[in-house]
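# Topology and contacts: notes
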Amino acid sequence: MTTTAPAVNARVVALAHHAARALLEDVLARHGATFHQNVTLRAVVVAGESVGRDELVGEVTGSLKIDESVVLGVIEELTAAELLEADPADASGLRLTDAGRERYESAAAASAEISARLYAGIPVEDLEVAGRVLTLVTERANAALAGV
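First, a word on scope: everything that follows refers to the structure included in this document.

Judged from the 4 bridges that link them, strand β2 (residues 84-87) and strand β3 (residues 90-96) form a sheet pairing that is antiparallel. Directly across from Glu85, in β3, lies its bridge partner Arg95. As consecutive antiparallel partners, β2 and β3 are separated by 2 residues.

Quick look at the sheet that holds β3 now. Taking strand neighbours across the sheet as the criterion, the 3 strands line up as β1-β3-β2 in an open arrangement whose pairing is antiparallel. At either end of the open sheet lies a strand with only one pairing partner, and these are β1 (50-52) and β2. Going from strand to strand, the sheet's axes swing by 35° on average, the running direction of each strand aside. Relative to β3, β1 is paired through 3 bridges, and the arrangement is antiparallel. Opposite Gly52, over in β3, you have Gly93 as the bridge partner.

Taken N-terminus to C-terminus, the directions of helix α2 (residues 35-46) and helix α4 (residues 68-80) make an angle of 80°; their axes are 10 Å apart at the nearest point. Taken together, the axis directions place α2 and α4 in an arrangement best described as roughly perpendicular. Here α2 contributes His36, Gln37, Thr40 and Leu41 to the contact with α4, which in turn contributes Val70, Val74, Ile75, Glu77 and Leu78.

Parameters at a glance
Residues numbered from 1 in each chain as written. Predicted model: local features only at pLDDT ≥ 70, side-chain atom pairs only at ≥ 80, totals over all residues. Heavy atoms only, no water. Pairing = 2+ DSSP bridges. Helix = DSSP H or I, 4+ residues; strand = E, 2+ residues; numbered from the N terminus. Axes fitted to C-alpha atoms, helices over the stretch in contact; angles between N-to-C directions. Parallel < 35°, antiparallel > 145°, perpendicular 65-115°, else oblique. Contact = heavy atoms within 4.5 Å.

Below, the structure is given as structure tokens:
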């Protein structure tokens, strides 16, 4: 007997997200990081390893849909742990320390291994369709949140 896969819907997406995130959080914990810390470090890396504090807060709140105060707390944690520091070239900027870059890179490598296992064997065409659908759903949800 063959089982038909369910059509994508909010529950299917949420189950996939939470299962993958649980795996990621386990890996991050072994690297001494939390999910929010990792997302924040990644945002700094993507910005070119130096970013304005306001821009960083906006990026992380926009990505995670969390309150600004939570992100400011994460930035404080990362700064206290000497993973982020003030950028001497920009008074309002933050940059990764060597330890922050190392933490992010080790966690990113472990995360890539998880992703490789989870997506192994899924045809590229299926991944492309899923990517298009989820991007459209994200755009619509973001527009709804913005009141558009």
